[in-house]
Amino acid sequence: MKKVAIVTGASSGLGRQFVLQIAKSHGFLDEIWVVARRADRLLELGVLVSNIVIRPIPLDLSKKDSIVRIRSILAKEKPKVYVLVNCSGLGLAGLFDRQDEELLDQMLKVNCLALTRVTRAVLPYMPKKSRIVQVASSAAFAPQPGFAVYAATKSYVLNYSLALRQELKKRRIYVTTVCPGPVNTEFFDTAYQKKEMKLYKKLVMAKPERVVKKALKDVKKGRAVSVYGILMKAVRVLCKLLPSSLIVRLIH
Ligand SMILES: NC(=O)c1ccc[n+]([C@@H]2O[C@H](COP(=O)([O-])OP(=O)(O)OC[C@H]3O[C@@H](n4cnc5c(N)ncnc54)[C@H](OP(=O)(O)O)[C@@H]3O)[C@@H](O)[C@H]2O)c1
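Please read these numbers as outputs of a predicted model, since none were measured by experiment.

Calculation rules
Residues numbered from 1 in each chain as written. Predicted model: local features only at pLDDT ≥ 70, side-chain atom pairs only at ≥ 80, totals over all residues. Heavy atoms only, no water. Near = heavy atom within 4 Å. Polar contact = N/O pair within 3.5 Å; in protein donor to acceptor, adjacent residues only side chain to side chain. Areas by Shrake-Rupley, 256 points an atom, 1.4 Å probe, with all protein chains shown as cover. Helix = DSSP H or I, 4+ residues; strand = E, 2+ residues; numbered from the N terminus. Buried < 20%, exposed > 50% of the residue type's maximum accessible area, 1.4 Å probe, protein only. Contact = heavy atoms within 4.5 Å. Pairing = 2+ DSSP bridges. Axes fitted to C-alpha atoms, helices over the stretch in contact; angles between N-to-C directions. Patch = residues over 30% accessible without salt bridge, like charges linked within 9 Å, V, L, I, M, F, W, Y side chains within 5 Å. Salt bridge = Lys/Arg side-chain N within 4 Å of Asp/Glu carboxyl O. Lys, Arg positive; Asp, Glu negative; His and termini not counted. Charge placed at Lys NZ, Arg CZ, Asp CG, Glu CD. Core = buried A, V, L, I, M, F, W, Y, C linked by side-chain atoms within 4.5 Å.

A. The site of the ligand, seen in detail. Looking at the ligand, there are 31 residues lining it, with S12, R37, Y150, V183 and T185 nearest. One nitrogen or oxygen atom from the main chain of G89 is found 3.3 Å from an oxygen atom belonging to the ligand. Within the side chain of Y150, an N or O atom sits 2.7 Å from an oxygen atom of the ligand. In isolation the ligand offers 870 Å² of accessible surface; the protein chains occlude 96% of this area. Sorting the residues of the shell around the ligand by element identifies α1 (13–25), α4 (101–122), α5 (148–168) and α6 (187–191) as the ones contributing at least two each.

B. Geometry of the environment of L61. By the secondary structure assignment, L61 is in the loop between β3 (53–58) and α3 (64–77). Exposure remark for L61: the relative accessible area of 8% places this residue in the buried category. Those residues in contact with L61 that sit more than four places away from it in its chain are T8, V35, S66, I67, I70, S88, A114 and V118.

C. Looking closely at the sheet that holds strand β4 (residues 80–86). Taking strand neighbours across the sheet as the criterion, the seven strands line up as β3-β2-β1-β4-β5-β6-β7 in an open arrangement whose pairing is parallel. Only two strands of the sheet have a single neighbouring strand rather than two, namely β3 and β7 (225–226). The pairing of strand β6 (residues 174–178) with β7 spans two bridges and is parallel. Bridged to V178 within β7 is S226. Lying on the sheet, α4 is in contact with β1 (3–8), β4 and β5 (131–135); it crosses β4 at an angle near 175°.

D. Representation of the side chain of S161. Of note, S161 is situated in helix α5. Contact partners of S161, with chain neighbours within four places excluded, come to Q134, V175 and T177.

E. A look at a positive patch on the surface. A cluster of like positive charges, contributed by K207, R210, K213, K217, K221 and K233, occupies part of the molecular surface. Among the elements that take part in the positive patch, helix α8 (residues 208–221) stands out by supplying four residues, more than any other. In this fold, K221 is placed in helix α8. For K221, a relative accessible area of 55% corresponds to the exposed category.

F. Region of the structure containing the nonpolar core. Counting residues in hydrophobic clusters, the biggest one holds 39 residues, and the most contacted among them are I6, L74, V81, V122, M126 and I132. Broken down by secondary-structure element, the contributors of at least two residues to this core are β1, β2 (31–36), α3, β4, α4, α5 and α9 (230–241). Residues in contact with I132, not counting those within four places in the same chain, are L84, T119, L123, M126, L164, L168, I173, Y174, V175 and T176. Judged by nonpolar contacts, the second largest core, of 31 residues, contains V7, V49, V178 and V183.

Any functional reading would require information beyond the geometric quantities listed.
Right, dumping it as structure tokens:
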């Protein structure tokens, strides 16, 4: 039985980093299955990783057929999936009533529905001591005017994954939710098409390499949540202490 890791959103940013760093730290794997729409970017990973076979699975996760395809590959190959990283996602900033409906749908489907469906499809193939890494965001910590639907999708990911973690403890499968603040990736090309990014976000922008390094350390330790950087840790604590009614006024 092949030992594999599966990484969605592998074509850029954090997902790409997860693939590169997992290849270094998980030398026992036979293959890393990489999922995203841009096939050329996925193929490129095969050139960068030499110790493990990179298997590109180009799919649009907003489409239901894509999950059917993942299920059928899994059923055919019956691999042991030691690591699943759900990293595909997109954001959209701006006032809700002015946002593009098509993009909003896409965001809900990829950030919530696809993440849930991929997790469910892969779970039967995960052995004891395997890891699920769910990429949420620090936006999950509180409601965010100007980023309302995105922040809500990430709250979904965080809460769903914390509960799933508890359910899976008996099977000794460990779930870590990664909640980064702003990270320097292509994310902002989609998220801020029509809106200027707030200055503080530009100032605290982290490098994807560092966020993923910290995330994989936390995954190894079996932590529930991974937050990179002292500032984002402080934001998390503040969001726990302050009432949401005050937070939304401070953000807006
Ligand atoms: N950058 C940040 O500041 C930040 C902060 C907190 C959390 N996050 C989260 O981190 C995750 C990765 O984002 P990133 O920052 O690395 O941004 P990114 O560079 O834009 O990467 C997003 C990834 O998601 C994939 N994706 C988007 N739509 C997809 C679809 N319909 N089907 C399959 N794959 C799709 C993209 O691949 P294709 O375009 O090739 O399909 C790409 O690989 C996201 O969940 C994001 O919400 C980002």
